[in-house]
Amino acid sequence: MLYRTQPQANAARIPYAEPKGIGTAGERQDVRRDGNGMPVHLRMIAPDDFEREREFVDGLSPRTRYQRLMSTRMPTAEELRRWTDIDRSREGAVVATVDIDGRERQVGVARYFIDQPDAQADFAIVVADEWQGIGLGRQLLTALVDLARLSGVRRLVGITMPENKVMIGLGRSLGFRLSWEPGVDIYTLQSLSLQPEC
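Note that residues are indexed from 1 along each chain, following the sequence as it is written. At least 70 in pLDDT is required for a residue's local features to be given in this predicted model, at least 80 for side-chain atom pairs to be given and counted, and no such filter applies to totals for whole chains, interfaces and linings, which use all residues. Remark: hydrogens and water are excluded; side-chain values derive from all non-hydrogen atoms of the structure.

## So, the confidence of the model for the protein chain
Low-confidence regions, as indicated by low pLDDT, have predicted coordinates that should not be scrutinised in detail. Scored from 0 to 100, pLDDT reflects the predictor's confidence in each residue. When the pLDDT values of the protein chain are averaged, the result is 80; 77% of them are 70 or greater. Strands here mean DSSP runs of E at least two residues long; helices mean DSSP runs of H or I at least four residues long; both are numbered from the N terminus. Element-level pLDDT for the protein chain is lowest in strand β1 (residues 29-33), with a mean of 61, against a maximum mean of 96 in helix α1 (residues 50-58).

## Some remarks on the packing of aromatic side chains
Side-chain rings of Phe, Tyr and Trp (the six-membered ring for Trp) are treated as a pair once their centres are within 6.5 Å; stacked means planes under 30 degrees apart, edge-to-face means over 60, and tilted covers the remaining angles. Scanning the entire structure with this criterion turns up 1 aromatic pair. Ring plane angle 40° and centroid distance 5.1 Å describe the contact between F123 and F176, whose orientation is recorded as tilted. Highlighted residues: F123 in strand β5 (residues 120-127) and F176 in the loop between α5 (165-173) and β7 (177-179), separated in sequence by 53 residues. Classification of residues uses two cut-offs on accessible area relative to the type maximum, computed with a 1.4 Å probe and protein chains only: under 20% is buried, over 50% is exposed, and between them is partly exposed. Its relative accessible area of 0% is what places F123 among the buried residues. Residue classification places F176 among the buried residues on the basis of a relative accessible area of 4%. Taking NZ or CZ as reference, R68 lies 5.5 Å from the ring centre of W83, over its face. Each ring is checked for a lysine NZ or an arginine CZ that lies within 6 Å of its centre and within 35 degrees of its normal; such an atom marks a charge sitting over the ring.

## Brief notes about helix α2 (residues 62-69)
Buried within α2 we find T64, R65, Q67, R68 and L69. Working rule for contacts: check all heavy atoms of both residues, and any pair within 4.5 Å makes them a contact. Contacts made by the buried residues of α2 are with α1, α3 (77-84), β4 (103-114) and β5. Where α2 ends, the next residue or the one after it, M70, has phi of about 55°, a positive value.

## Side note on helix α4 (residues 136-150)
Each helix should span, by expectation, one fewer than its residue count multiplied by 1.5 Å. Under the 1.5 Å per step criterion, the end-to-end length of α4 is 21 Å for 15 residues, consistent within 8% with the ideal 21 Å. Regarding α4, the residues found buried are L136, G137, L140, L141, A143, L144, V145, L147 and A148. Positive phi shows up at G152, right after α4, with a value of about 90°.

## Let's talk about the pairing of strand β3 (residues 91-100)
Within β3, 8 of the 10 residues are buried, leaving the element largely enclosed by the surrounding structure. Taken together, the 4 bridges between strand β2 (residues 39-44) and β3 define a ladder with antiparallel strand orientation. Looking at the pairing, L42 lines up with A96 of β3. Pairing between two strands requires that DSSP report at least two bridges joining them. Pairing geometry for β3 and β4, over 10 bridges, is antiparallel. Directly across from I100, in β4, lies its bridge partner R103. The turn joining β3 and β4, which pair antiparallel and follow one another in sequence, is formed by 2 residues; a positive phi near 55° is taken by D101.

Below you can see the structure in the form of structure tokens.
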């Protein structure tokens, strides 16, 4: 999934909410155990997640990084800083973490970024390769949808590559609608209305 890195000047400003079931940066919520019984925690992202985010991105396979960034490039330190020290009036991000050898490690993240004046937000999600296929993506995206809805986001929109069948299937299962831009067959647009239409 792709999201823009720079806000538009006239982007909508909405209050930031913290839904029940997701811990704040200081408190973590156990959401599931993996196949080995290890608890996985969901919580809001925080500025001190910078190094965890860097290690997480560095550990992604080229294929997963390409599906997330639509490029094989590595993000810059400034991008990583923006991804962890977010503007809560227009952004929300939920991380999945585990404790390994007494150290918290990030294994997934879902985020939204409002850059439209109508409170429409781009969203993105990525799960570490070794943590894919256990339902963590569903839990992250569900938590993000809840956060966005409570924060007043009207619609979530994401761009996915057509070969990313897992993301397309996950979006469909959560009610996202698929569409394609005429003449552009390299991307699939997924969208979900979060607020009643006026």
